Amino acid sequence: MAIVETLLELDWKAVLGLFVAVVLVGHVVAYVSDSHGLRSFPGPILAKLSDLWLARVAANGHRSEVVHELHEKYGTFVRIAPNHLSIADPDALQIVYGHGNGTLKSEFYDAFVSIQRGLFNSRSRPEHARKRKIVSHIFSQKNVLEFEPHIRLYVRQLIGQWDRLYDAGAKGLSGDDGEGGWKGRDGRVWLDCLPWYNYLAFDIIGDLAFGSPFGMLKTCKDSTPVAVSHKSAMAAYGGGEVQVVHIPAVQILNDRGVYSASLGVIPPLLRPLAKKLPWFSKGSRAVKDLAGIAIAAVAKRLTTPSDRVDLLAKLQQGRDDEGNLMGREELTAEALTQLIAGSDTTSNSSCAITYHLARNPHVQAKLHKELDEAMGNDDDPVATYEQVKKLPYLEAVINEALRIHSTSGIGLPRLVPEGGLQVSGHFFPEGTVLSVPTYTIHRDREVWGDDVDAFRPERWFEQDEKAIQKTFNPFSYGPRSCVGRNLASMELLIIIGSILRRYHFVLENPDKPFETMEGFLRKPVDCAVGIKKRNA
Ligand code: HEM
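What counts, and at which threshold
- Every chain is numbered independently, its residues counted from 1 as its sequence is written.
- A pLDDT threshold of at least 70 governs which residues receive local features in this predicted model, and a stricter bar of 80 or more applies before side-chain atom pairs are shown or counted, although totals over entire chains, interfaces and linings include all residues.
- What counts as a helix is a DSSP run of H or I of at least four residues, what counts as a strand is a run of E of at least two, and both are numbered from the N terminus.
- Exposure in this text rests on C-beta crowding, where 20 or more other C-beta atoms within 10 Å of a residue's own make it buried, 12 or fewer make it exposed, and counts in between make it partly exposed. The C-beta atoms are placed from the backbone.
- Two residues form a contact once the distance between their C-beta atoms, set from the backbone, is within 7 Å.
- Only the C-beta atom, placed from the backbone, is used; a residue is near a molecule or strand if that atom lies within 6 Å of it.
- Nonpolar residues are Ala, Val, Leu, Ile, Met, Phe, Trp, Tyr, Cys and Pro. Charged residues are Asp, Glu, Lys and Arg, and all others, Gly as well, are polar.
- Connectivity within a nonpolar core runs through C-beta atoms within 7 Å, and the core itself is a set of buried Ala, Val, Leu, Ile, Met, Phe, Trp, Tyr and Cys residues.
- UniProt positions are given in the numbering used here, feature names are shortened, and annotations may be inferred rather than shown by experiment.
- Note on definitions: angles span 0 to 180 degrees between N-to-C directions of axes, and those axes are lines fitted to C-alpha atoms, for helices only across the stretch in contact.
- Orientation is classified from the angle alone, with under 35 degrees giving roughly parallel, over 145 giving roughly antiparallel, 65 to 115 giving roughly perpendicular, and any other angle giving oblique.
- Strands are treated as partners if at least two bridges between them are detected by DSSP.
- The span one expects for a helix is its residue count, reduced by one, times 1.5 Å.
- By definition, any crossing whose near helix is turned counterclockwise from its far helix by less than a right angle is left-handed, and any crossing with a clockwise turn is right-handed.
- pLDDT expresses, on a scale from 0 to 100, how confident the predictor is about each individual residue.

## Structural notes on the overall build of the chain
Moving on, step 1. When helices and strands are tallied, the chain shows 26 helices and 16 strands.
Moving on, step 2. Based on the C-alpha atoms only, the size of the chain along its principal axes is roughly 70 × 60 × 50 Å.
Moving on, step 3. Looking at the chain residue by residue over its 536 residues, the buried ones come to 49%.
Moving on, step 4. A sequence separation of at least 24 residues applies to 73% of the contacts in the chain between residues at least 6 apart.

What follows is the structure in structure tokens.
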């Protein structure tokens, strides 16, 4: 303890020197001893020697693409860290992530903990099972249907805003609502749709998880109240004012994703030192601010009792096997988990779907036709779940975008349990970290065909259904798969169904590649589109 305290007092340059020295010695020892028997597997030499190779790749924001290129070069197995093997084999999904094989989340997930461990980052099996039992009930299909009015309310607000900008744009006006503003030209309004989808997703989840939206769609701004002091906000649960300031939640979530995904691949012993480096201290601040958002929002909700049916109300009622309710800190941590897991996953996926539709006019036309037929002359611009839940082409469009974009693209790391594990013809001893990279298996030519890089929803009607089911992995598999999948699917169907029925999209610059920045998730950097109202 005394050694750690002394280290924490050093200035960052001394820390950097020490950090490099410890890493070098530690990893040369690990390489020579090869305790997990991974030496025979191919990979970059630096990755075999040190976790810092993967940390650097993660920090650069293109981990999925880099690992994918390595699989193209080396084949099914790639060693991406001294003790981490990436396995690009759809059959490995069931073994590494499925029920009953005993794998657990690795130390990577410790870097995502704030307030206290939540459903997403709890690593102990009993702790996770207890939480999952409470939370999975909340996301059952039956319960999720109760959230439909909340989703439709904010889709309506987004349509209201885009209609307003479109009408003004038609008069040749321009303005600064939303990041980057908007301008009218050639019968369209031109804007970056990514921030708008972020406002939408944050308002929906703010409403569902905390009882009131962040108000981003109304203010057209990425701005959220955060508790000034976590301690006093927690104390205010019993009543009283919580002092808040406003911060950009979307930006903070982005910073936190890159920070945690990079810190998570550094050995735990070195993390306190890494946090002292200037690059990491920005992310550390983001983690704190994010917790502050949840603390402020939950405190506000708990001091103003309500009879709403939402995620927070259901979390408050949830009981474990012993009949115990969650304590207030656990409740806040779980509400924060919902905010993080249920916000930019949805907005980045919606943005990617819109990009691919704008880029592929023939696909957009086919989807318009299906939506027009399904919704007929209904004057309400917002689709009901009933109207869109069984539209085969809409579903294929969404799935194809989730495949090609892979919002969750990295191989999610799992620890081999006691007794070892046989995967894809090899035995791995206890403690080895294994992962199956979603971005890469979503590009497996044997399953998806030779044109894997093309956005082609038609493939969903042509390819072997069984192979597709086994390989399509947007929500992961097994006990740690996405607990919010039913909600996410309903959101995407209603958002894309409503928005695409109402608007026609073109890309502002069709030659510009779709840029992404990956932390834990693969996020678009922007998506500039020209929007036209279809009945105009
Ligand atoms: C398109 C949208 C979404 C995608 C692509 C997605 C994807 C995923 C993936 C891949 C995982 C596994 C993560 C891991 O093992 O590290 C996951 C877990 C999780 N997701 Fe989602 N998700 C989406 C939307 C949502 C929504 C709307 C919610 C809830 C409001 C949610 C809540 C969660 C939670 C709580 C976990 C952790 C589950 C556990 O560990 O037991 N997700 N999600």
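## Describing helix H4 (residues 52-60)
Moving on, step 1. Looking at H4, one finds that the buried residues are Leu52, Trp53, Leu54, Ala55, Val57 and Ala58.
Moving on, step 2. Following H4 by one or two positions, Gly61 has its phi on the positive side, about 85°.

## Examining the site of the ligand
Moving on, step 1. Residues in close proximity to the ligand total 23 residues, the closest being Ala341, Gly342, Thr345, Cys482 and Gly484.
Moving on, step 2. Only helix H17 (328-342), helix H18 (344-359) and helix H26 (485-502) provide two or more residues apiece to the shell around the ligand.
Moving on, step 3. The class makeup of the residues in the shell around the ligand is 11 nonpolar, 10 polar and two charged.

## A word on the nonpolar core
Moving on, step 1. Ranked by internal contacts, the top residues of the largest apolar core, which has 145 residues, are Leu200 and Ala335.
Moving on, step 2. No other element matches helix H10 (residues 193-210), which puts 13 residues into this core.
Moving on, step 3. For Ala335, the residues in contact, after removing those within four places along its chain, are Ala209, Phe210, Ala294, Val298, Leu312 and Leu315.

## Observations concerning the UniProt feature "binding site: heme" (unreviewed entry) in the chain
Moving on, step 1. Residues annotated by UniProt as "binding site: heme" (unreviewed entry) correspond here to Cys482.
Moving on, step 2. Since 19 C-beta atoms lie within 10 Å of it, Cys482 is described here as partly exposed.
Moving on, step 3. Residues contacting Cys482, with those up to four places away along its chain left out, are Phe475, Ser476 and Ala488.

## Quick look at the packing of H4 against helix H13 (residues 249-263)
Moving on, step 1. The contact between H4 and H13 brings their axes to 8 Å, and the two run at 170°. Between H4 and H13, the angle falls in the class roughly antiparallel. Contacts between H4 and H13 involve Ala55, Ala58 and Ala59 from the first element and Val258, Ala261 and Ser262 from the second.
Moving on, step 2. Class assignment of the residues belonging to the contact of H4 with H13 gives a composition of five nonpolar, one polar and no charged.

## Here's the deal with the sheet that holds strand E9 (residues 414-415)
Moving on, step 1. Within the open sheet, the five strands sit side by side as E1-E2-E12-E9-E3. Their pairing is mixed. Whereas interior strands pair on both sides, the edge strands pair on one side only; in this sheet they are strand E1 (77-81) and strand E3 (104-105).

## Description of the pairing of E1
Moving on, step 1. In terms of burial, E1 is a largely internal element, five of the five residues being buried.
Moving on, step 2. Bridge count for E1 against strand E2 (residues 84-87) is four bridges, and the pairing is antiparallel. The residue of E2 that forms the bridge with Val78 is Ser86.
Moving on, step 3. Between E1 and E2, which follow one another and run antiparallel, lie two residues.

## Some thoughts on the environment of Ile353
Moving on, step 1. In this fold, Ile353 is placed in helix H18.
Moving on, step 2. Ile353 sits in the buried class, given 26 other C-beta atoms within 10 Å.
Moving on, step 3. Leave out the neighbours within four places in its chain, and Ile353 touches Val397, Ile398, Ala401 and Ile496.

## Thoughts on H13
Moving on, step 1. A rise of 1.5 Å per residue sets the reference length of H13, with its 15 residues, at 21 Å; its end C-alpha atoms lie 20 Å apart and thus fit the reference within 8%.
Moving on, step 2. The buried fraction of H13 amounts to 14 of the 15 residues, a majority that puts the element mostly inside the structure.

## Considering the packing of H13 against helix H15 (residues 278-303)
Moving on, step 1. Taken N-terminus to C-terminus, the directions of H13 and H15 make an angle of 125°; their axes are 8 Å apart at the nearest point. The orientation of H13 with respect to H15, classified from their angle, is oblique. Of the two possible hands of crossing, H13 and H15 adopt the one that is left-handed. Note on element contacts: H15 touches H13 through Phe280, Lys282, Gly283, Ala286, Val287, Asp289, Leu290 and Ile293, opposite Ala249, Ile252, Leu253, Asp255, Arg256, Val258, Tyr259 and Leu263.
Moving on, step 2. Of the residues contributing to the contact of H13 with H15, the split by class is 11 nonpolar, one polar and four charged.

## Notes on the environment of Glu386
Moving on, step 1. Relative to the helices and strands, Glu386 is located in helix H20 (residues 385-388).
Moving on, step 2. The exposure class of Glu386 is exposed, given the 10 C-beta atoms found within 10 Å.
Moving on, step 3. Distance in space between the C-alpha atoms of Glu386 and Asp453 is 32 Å, their sequence separation being 67 residues.

## Concerning the confidence of the model for the chain
Moving on, step 1. With 91% of its residues at a pLDDT of at least 70, the chain reaches an overall mean of 90.
Moving on, step 2. The complex prediction reports pTM at 0.92, with the ipTM value standing at 0.99.

## A closer look at the sheet that holds strand E4 (residues 174-175)
Moving on, step 1. Spatial ordering of the open sheet is given by E4-E5-E6-E16-E13, a layout of five strands whose pairing is antiparallel. In the strand order of this sheet, the two ends are held by E4 and strand E13 (503-507), each with one partner.
Moving on, step 2. Relative to strand E16 (residues 528-533), strand E6 (residues 188-192) runs antiparallel, the two sharing four bridges. Each bridged residue has a counterpart across the sheet, and for Val189 the counterpart in E16 is Ile531.
Moving on, step 3. Those strands touched by helix H9 (residues 148-170) are E4, strand E5 (182-185), E6, E13 and E16, and its axis lies near 45° from that of E5.

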